[in-house]
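Summary of structural features
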Amino acid sequence: MGHAYRAVQWNPFKRRYDACAAALVLLYLGCFVGVTAWLEPEATIESLLIRGFGTAGFLLLHLVLSIGPLARLDARFLPLLYNRRHLGVVTFSLGLVHGVLSLVQYHALGVLNPLASLFQSQVGTRTLAEFPFQPLGLLALAILFLLAATSHDFWLANLGAPLWKALHMSVYVAWFLLLMHVALGILQAETSPLLVALLALGVTWILGLHLLAAWRERRIDSKAGASSDWIDVCAPAEIADGRAKIALVAGERVAVFRYADKLSAVANACQHQNGPLGEGRIIDGCITCPWHGYQYKPDCGASPAPFTEKVATYDVRVERGRVLVKSAPYAPGTRVEPACIPAESMPRHASSAASEFFVGYLPSAPPGVLRFVRGAALAVFVLAAALGCALAASQRTFAAGRFEFGQLRKFSGVIALEPATSLLLQRPGFVGDQAAAHSHYLLVAPGKHGARDLVQAFDGRWVEVEGTLVHRAGQAMLELKPGSIVALAAPPDGASSLAVSPKRRALGPVTLRGEIVDSKCHLGVMNPGELAAHRACATLCIRGGIPVLFLARGSNAQQRQMLLVGSDGRALNQEVLALVADPVEITGELSSWGDLLVLAAEPAQIRRISH
Ligand code: HEM
Ligand code: FES
């Protein structure tokens, strides 16, 4: 029952509904995060949470969009519709956590404002894989926010049902934007056909359900009578006691209710949220909406005092065994004398109208409806657990990259600025080729910044530094603790005084295929730190001076990481921004600097290739 905006109050059913929604989300997140962590120990916790919350929000949106048409097709789903708005708010909250984590992870701590980075870091729209998918997520989140913020009945009462309903239809725009967000984002990086199949299944399910429900509604509308004054609806016996028949009268849906031997007709759209009154029942002498239980007196279309909602009423009469409704409506709330059904037109047997009817605010729900809803809820729980496990298992394998976050270590070595800012560490006990006697630890600053400014005053000198290690496939990097560099007057005990930058050794011209990435994320700060979904972050890191790596990929899916510099040895950071994370072919000169492989090429020698 409703009065002003204090419409659907808290009740035990709603509390149980919300508890189930919370349990459902926790179950899904537990399965997704648990199975991913178990199968992929190298995955970072940020990636687990970003993916867990993103997929949870997206899947929940599918559930939210399914409930409406399901309730249209089978009234036993109506209890799920009763509190659907809370599911919408949960969907927004999950999307918000995912969006904020993504914004922090991929766009914070760089040379651009995070929001500017969100819109600028994904440069280029030549191919679908380059499409800036993240702004689509932001737009969808903004719509979900608007819907969550106006979901309370206060806004419904203030905006009016038609405007509120129109506003809330934009949930379909959000759904479409998210489809594109996923298809143009993560699906450009993932390879499992299951992910594509699930996305296609989701689209087919949502569109199929809506088309089916619309087709059922059209059957009502197609029975529209001729455009005469009085519209023939049906025989009185076709309306069960306490129920209604919906008919199209002068373009409007009208619900003709029978209660005992009386007939009354009212506009079909409930004043609360346009619920179909004609699918409701007469309870305690009032038409009761199937969606949230708003009530209206059948003869005048007005809610019983103190409630104020009103719907339009229509003249009804029974003539030659047919129920006729006059096409012109009366103003909402106008009393119309109910039509009496002549004895000969009354149904001979009591109809089976006593089928169960759910009203959320009543203390108990009919047992059959409860059984059905429990079964449906169980099916949704099983599906959530299965999807959590299946999605977790179909992700691309996470690389064995590590970021020793929170673990500071001290190193002594020689600072080198060429071919990239590095700390040269003497390999302990090394005998033989002096060129291979050192390891290059690439140096970066915290966040998405290179370390050149921090270390250039120490070029070629012995230093002691403190920082956090990042390492992958034999290549190490040190994220410097700012202010921790101390110049040493002499090499530390036992270190060779010969520790100077190793000489470059030419390996000849090469043409290689692969991907340009930022060294910091790729080596392990983010995992995954490559491919299309990571493009915006890689672009921001490279813009900020993080050394550029090229991942050469062989036909056998093996990859080799090498530093990418200009043919004159200059850093290419600002020149390759538009080519990051795309499949490219590079022709250049390969060389080794001790343990570091370096590819020298000009941007003009970098060619974008198809996948
Ligand atoms: C500010 C808004 C958003 C941003 C910046 C954003 C960013 C991202 C990023 C960077 C990815 C790829 C992550 C990866 O490689 O794992 C992603 C994927 C995804 N996003 Fe969003 N997103 C936003 C909003 C949303 C919303 C509102 C939803 C759904 C309610 C959503 C659902 C997804 C899904 C299902 C995926 C694929 C799974 C995954 O990899 O996380 N996103 N998003
Ligand atoms: S009571 Fe909510 S739509 Fe009718």
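Each helix and strand counted, the chain has 14 helices and 24 strands in total. Its C-alpha atoms give the chain a radius of gyration of 34 Å, more than 25% over the compact-globule value 25 Å for 611 residues. Along the three orthogonal principal directions, the C-alpha set of the chain runs to about 115 × 45 × 40 Å. Within the span of the chain, comprising 611 residues, buried residues form 52% of the whole. Residue pairs in contact within the chain that sit at least 24 positions apart in sequence constitute 69% of those at least 6 positions apart.

Attention now goes to the state of the cysteines. The full count for this structure, using the stated rule, is 0 disulfides. Unpaired in this structure, Cys-389 has its nearest cysteine sulfur neighbour in Cys-31, at a distance of 4.3 Å.

The next subject is the side chain of Thr-150. Tracing the backbone through its elements, the reader meets Thr-150 in the loop between α6 (133-149) and α7 (153-159). Polar contacts involving the side chain of Thr-150 include one to the main-chain carbonyl oxygen of Leu-146, which spans 2.8 Å. Excluding anything up to four places from it in sequence, Thr-150 contacts Trp-155, Trp-164, Leu-167 and His-168.

To continue, consider unusual backbone geometry. In the segment running from Ala-305 into Pro-306, the intervening peptide bond is cis, with an omega of 5°. With respect to the element layout, Pro-306 can be found in the loop between β7 (295-296) and β8 (313-314). Phi angles above zero are rare outside glycine, and Asn-274 is one such case at about 65°. Position of Asn-274 relative to the elements: it lies in the loop between β4 (262-267) and β5 (281-283). The backbone of Leu-531 sits at a positive phi, close to 70°, despite the residue not being glycine. Mapped onto the fold, Leu-531 is located in the loop between α13 (519-525) and α14 (535-543).

Read across the open sheet, the 3 strands follow the order β1-β10-β9; overall the sheet is antiparallel. Looking at strand neighbours, the two that pair on one side only are β1 (230-234) and β9 (316-319), the edges of this open sheet. Adjacent strand axes in the sheet meet at a mean angle of 35°, parallel and antiparallel pairs treated alike. Where β9 meets strand β10 (residues 322-326), 4 bridges bridge the pair, whose relative direction is antiparallel. Note that in β10 the partner of Val-316 across the bridge is Val-325.

This part covers the packing of helix α1 (residues 12-39) against helix α11 (residues 367-393). At a minimum axis separation of 8 Å, α1 and α11 run at an interaxial angle of 25°. Here α11 runs roughly parallel to α1, going by the angle between their axes. As for how α1 packs across α11, the hand of that crossing is right-handed. Taken together, the residues of α11 that come into contact with α1 (itself represented by Cys-20, Ala-23, Leu-24, Leu-27, Tyr-28, Cys-31, Phe-32, Val-35, Thr-36 and Leu-39) are Val-380, Phe-381, Ala-384, Ala-385, Leu-387, Gly-388, Cys-389, Leu-391, Ala-392 and Ala-393.

For the rest of this paragraph, the subject is the sheet that holds β5. The strands making up a sheet associate through backbone hydrogen bonding, with each pair oriented either parallel or antiparallel. Spatially, 3 strands are ordered β5-β6-β7 in an open sheet, and the strand pairing comes out antiparallel. In this open sheet, the two edge strands, each paired with only one partner strand, are β5 and β7. With 3 bridges joining them, β5 and strand β6 (residues 286-288) adopt antiparallel strand pairing. If you follow Ile-282 over to β6, its bridge partner there is Ile-287.

Near ligand 1, the surroundings consist of 22 residues, among which Arg-51, His-98, Leu-178, His-181 and Ile-186 are the closest. Between ligand 1 and Arg-51, the relevant distance is 2.6 Å, taken from an oxygen atom to a side-chain nitrogen or oxygen of the residue. Within the side chain of His-181, a nitrogen or oxygen atom sits 2.8 Å from a nitrogen atom of ligand 1. Elements that contribute at least two residues to the shell around ligand 1 include exactly α2 (45-73), α4 (84-107), α6 and α9 (171-184).

The next point concerns the pairing of β10. Regular strands show a simple pattern: their side chains alternate between the two faces of the sheet. The sheet contact formed by β1 and β10 spans 4 bridges and is antiparallel. What sits directly across from Trp-230, in β10, is Lys-326. With antiparallel pairing between neighbouring strands as the criterion, β9 and β10 make up a hairpin whose turn holds 2 residues, including Arg-320 at a positive phi of roughly 45°.

The rules we used
Residues numbered from 1 in each chain as written. Chains lettered and ligands numbered in written order. Predicted model: local features only at pLDDT ≥ 70, side-chain atom pairs only at ≥ 80, totals over all residues. Heavy atoms only, no water. Helix = DSSP H or I, 4+ residues; strand = E, 2+ residues; numbered from the N terminus. Rg over C-alpha atoms; globule rule 2.2 N^0.38 Å. Buried < 20%, exposed > 50% of the residue type's maximum accessible area, 1.4 Å probe, protein only. Contact = heavy atoms within 4.5 Å. Disulfide = S-S within 2.5 Å. Polar contact = N/O pair within 3.5 Å; in protein donor to acceptor, adjacent residues only side chain to side chain. Pairing = 2+ DSSP bridges. Axes fitted to C-alpha atoms, helices over the stretch in contact; angles between N-to-C directions. Parallel < 35°, antiparallel > 145°, perpendicular 65-115°, else oblique. Left-handed = near helix turned anticlockwise from the far one by under 90°. Near = heavy atom within 4 Å.

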